[in-house]
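Structural description and commentary
Spelled out, the chains give:
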Amino acid sequence: MPGRHPRLASFVHAARGLAVLLRQPNAWLHLVAAAIVVALAAYLQVSPGEWLALILAIALVLAAEALNTAIEHVVDIASPEWSALARDAKDVAAAGVLICAIGALGIGLIVFVPRLI
Ligand SMILES: Nc1ncnc2c1ncn2[C@@H]1O[C@H](COP(=O)(O)OP(=O)(O)OP(=O)(O)O)[C@@H](O)[C@H]1O
């Protein structure tokens with residue numbers, strides 16, 4: 001970007017990427033889930049270690065969703081026609097989000113279930 005400091009430009013591009021990500025319905029689903037987790041953790045006054053685990057889980061899922069979205073876009077550019085490799089690339093990227101979401105669910109259960117029963 002001409003006339004702009006390269007470091008600042010990187011942040012501006014990343015912020016635009018965030019806006020693109022927020023156009024994905026799945027990203028909103030993850031954000032709503034994250035907001036519920038943060039509200040519940042604050043209400044239940046979880047420990048600093050538990051906050052650490054919850055924040056890492058939330059960041060991991062959102063980052064996985066961002067990479068999944070980027071891979072979908074790249075695959076659509078590289079292979080607009082049907083291709084077994086394109087299908088595998090998208091499905092494996094989606095599996096990455098699923099793995100992170102299952103891990104986050106496990107963390108949520110470990111932190112919250114003992115407090116709620
Ligand atoms: N070019 C392609 N060739 C073969 N299969 C494809 C191709 N594009 C998509 N698919 C298959 O269709 C599925 C859905 O693809 P699509 O591009 O609609 O992403 P999506 O899963 O709907 O993305 P999201 O729901 O996260 O926005 C993929 O997971 C893949 O299995």
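Parameters at a glance
- Residues numbered from 1 in each chain as written.
- Predicted model: local features only at pLDDT ≥ 70, side-chain atom pairs only at ≥ 80, totals over all residues.
- Heavy atoms only, no water.
- UniProt positions renumbered as here; feature names shortened; annotations may be inferred.
- Helix = DSSP H or I, 4+ residues; strand = E, 2+ residues; numbered from the N terminus.
- Contact = heavy atoms within 4.5 Å.
- Polar contact = N/O pair within 3.5 Å; in protein donor to acceptor, adjacent residues only side chain to side chain.
- Buried < 20%, exposed > 50% of the residue type's maximum accessible area, 1.4 Å probe, protein only.
- Axes fitted to C-alpha atoms, helices over the stretch in contact; angles between N-to-C directions.
- Parallel < 35°, antiparallel > 145°, perpendicular 65-115°, else oblique.
- Core = buried A, V, L, I, M, F, W, Y, C linked by side-chain atoms within 4.5 Å.
- pLDDT = per-residue confidence, 0-100.
- Patch = residues over 30% accessible without salt bridge, like charges linked within 9 Å, V, L, I, M, F, W, Y side chains within 5 Å.
- Areas by Shrake-Rupley, 256 points an atom, 1.4 Å probe, with all protein chains shown as cover.
- Salt bridge = Lys/Arg side-chain N within 4 Å of Asp/Glu carboxyl O.
- Near = heavy atom within 4 Å.
- Nonpolar A, V, L, I, M, F, W, Y, C, P; charged D, E, K, R; others polar.

Labelled according to an unreviewed UniProt entry, the protein chain appears under the name Diacylglycerol kinase, originating from Allgaiera indica. The UniProt entry for the protein chain carries the following comment under Subcellular location (unreviewed entry): "Cell membrane". Word for word, the UniProt comment on the protein chain under Sequence similarities (unreviewed entry) is "Belongs to the bacterial diacylglycerol kinase family."

The sites that UniProt annotates as "binding site: ATP" (unreviewed entry) are Glu 72, Lys 90 and Asp 91. Separation in sequence by 20 residues is not matched in space for these annotated residues, since their most distant C-alpha atoms are only 9.4 Å apart. Its place among the elements puts Lys 90 in helix α4 (residues 84–116). Aside from chain neighbours lying at most four places away, what touches Lys 90 is Asn 68, Glu 72, Val 75 and Asp 76. Only 2.6 Å separates the side chain of Lys 90 from the side chain of Asp 76, close enough to count as a polar contact. Checked against the element boundaries, Asp 91 lands in helix α4. Taking relative accessible area as the criterion, Asp 91 reaches 46% and is therefore assigned partly exposed.

Once that is clear, we can look at the packing of helix α2 (residues 25–44) against helix α3 (residues 48–78). In the contact formed by α2 and α3, the axes pass within 10 Å of each other and the chain directions differ by 175°. Taken together, the axes of α2 and α3 are roughly antiparallel relative to one another. Between α2 and α3, the contacting residues are Asn 26, Ala 27, His 30, Leu 31, Ala 34, Val 37, Val 38, Ala 41 and Ala 42 on the first element and Trp 51, Leu 54, Ile 58, Val 61, Leu 62 and Glu 65 on the second.

This part covers the nonpolar core. The biggest cluster of nonpolar side chains holds six residues, and these are Ala 41, Leu 44, Val 46, Leu 54, Val 111 and Phe 112. Put simply, the parts of the chain that give this core at least two residues each are α2 and α4. Those residues within four positions of Leu 54 in sequence are excluded, and the remaining contacts are Val 37, Ala 41, Val 46, Ile 107, Gly 108, Val 111 and Phe 112.

Take the confidence of the model for the protein chain next. The share of residues in the protein chain with pLDDT of 70 or more is 97%, and the mean pLDDT across the chain is 95. Between the elements of the protein chain, mean pLDDT differs from a low of 94, seen in helix α1 (residues 6–21), to a high of 98, seen in α3.

To continue, consider a nonpolar patch on the surface. Residues Leu 105, Leu 109, Val 113 and Ile 117 make up a contiguous nonpolar surface patch of roughly 430 Å² in combined accessible area. Relative to the assigned elements, Leu 109 resides in helix α4. Exposure remark for Leu 109: the relative accessible area of 47% places this residue in the partly exposed category.

A few words now on the site of the ligand. Near the ligand, the surroundings consist of Asn 26, Glu 72, Ser 79, Glu 81, Trp 82, Ser 83, Ala 86, Arg 87, Lys 90 and Asp 91. Ser 83 places a main-chain nitrogen or oxygen 3.0 Å from a nitrogen atom of the ligand. Side-chain polar atom of Asp 91 to an oxygen atom of the ligand: 2.5 Å apart, as the coordinates give it. Protein chains shield 59% of the accessible area of the ligand, which is 610 Å² for the free molecule. Taken together, the residues of the shell around the ligand break down into two nonpolar, three polar and five charged.

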